[in-house]
Amino acid sequence: MKQISTRFSIAVHTLSLIAISPVDCTGDFIAGSVNTNPVVIRRIMSMLKKAGLVDVRPGVGGATLVRDPAQITLLDIYRAVHVTEENRLFRIHENSNIQCQVGRNIEKVLQEELAEAQTAMEQRLAQTTLDELIHRFN
């Protein structure tokens, strides 16, 4: 089974570091904390910058939050790093046999359920701010 991309958790990790240690937050510092390649961090930082969540200092490196951590929700971060394809968390297999009662109807019936599940998850992510999450680290 394919898992949801780790970009979301890496982005939350990255923004948390920037919020609590803005002076130290170079790509290498973040990569060391996440324990990943700095190239991965640069890609995610680019997405976060494009979403208006961070400002990246060229040359010397480092990053700062553009918004207060209390104004950044987990949903903002989730959307910034494009965790889902075509804004759909769940995908349904294609080319079911339309001669079969299940095959003919599964996509429509299941799509409604999965859309509701995605909406519920997104509503939950919207309830938690980066600031609230950071306070749980202590």
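Remember, predicted model here, so these are calculated numbers, not experimental data. (Residues numbered from 1 in each chain as written. Predicted model: local features only at pLDDT ≥ 70, side-chain atom pairs only at ≥ 80, totals over all residues. Heavy atoms only, no water.)

Peer 1: Lay out the packing of aromatic side chains with the relevant residues and their values.
Peer 2: Tallied over the full model, the rule gives one aromatic pair. Aromatic side chains F8 and Y78 sit 5.9 Å apart centroid to centroid with 80° between the ring planes, which places their arrangement in the edge-to-face category. Placement of the pair is F8 in helix α1 (residues 7-20) and Y78 in helix α4 (residues 74-80), with a sequence separation of 70 residues. Comparing F8 with Y78 shows no difference in burial state: the two are buried. (Phe/Tyr/Trp six-rings, centres within 6.5 Å; stacked < 30°, edge-to-face > 60°. Helix = DSSP H or I, 4+ residues; strand = E, 2+ residues; numbered from the N terminus. Buried < 20%, exposed > 50% of the residue type's maximum accessible area, 1.4 Å probe, protein only.)

Peer 1: Can you lay out the packing of α1 against helix α3 (residues 38-50) for me, pointing to particular residues and giving the numbers?
Peer 2: Each pair of packed helices can be described by the angle between their axes along with the distance between the axes. It is at 10 Å that the axes of α1 and α3 come closest, and there the two elements cross at 80°. Here α1 is positioned roughly perpendicular relative to α3, judged by the angle of their axes. Here α1 contributes R7, I10, A11, T14, L15 and I18 to the contact with α3, which in turn contributes V40, I41, I44, M45, M47 and L48. For the contact of α1 with α3, the per-class residue count stands at 10 nonpolar, one polar and one charged. (Axes fitted to C-alpha atoms, helices over the stretch in contact; angles between N-to-C directions. Parallel < 35°, antiparallel > 145°, perpendicular 65-115°, else oblique. Contact = heavy atoms within 4.5 Å. Nonpolar A, V, L, I, M, F, W, Y, C, P; charged D, E, K, R; others polar.)

Peer 1: Break down the nonpolar core for me, citing the residues and quoting the values.
Peer 2: Judged by nonpolar contacts, the single largest core of 32 residues is most densely connected at F8, L15, I18, I30, M45, L48 and I77. When contributions to this core are tallied by element, the ones reaching two or more residues are α1, α2 (27-34), α3, β2 (63-65), α4 and α6 (130-135). Ignoring any residue separated from it by four or fewer positions in sequence, one finds I77 in contact with F8, A11, V12, L15, L53, I72 and L130. (Core = buried A, V, L, I, M, F, W, Y, C linked by side-chain atoms within 4.5 Å.)

Peer 1: Report on the environment of D55, specifying residues and quantitative values.
Peer 2: Mapping D55 onto the fold places it in strand β1 (residues 54-56). Here the alpha-carbon distance between D55 and M45, two residues 10 residues apart in the chain, equals 8.8 Å. Filtering out sequence-adjacent residues up to four positions away, D55 remains in contact with K49, G62, A63, T64 and V66.

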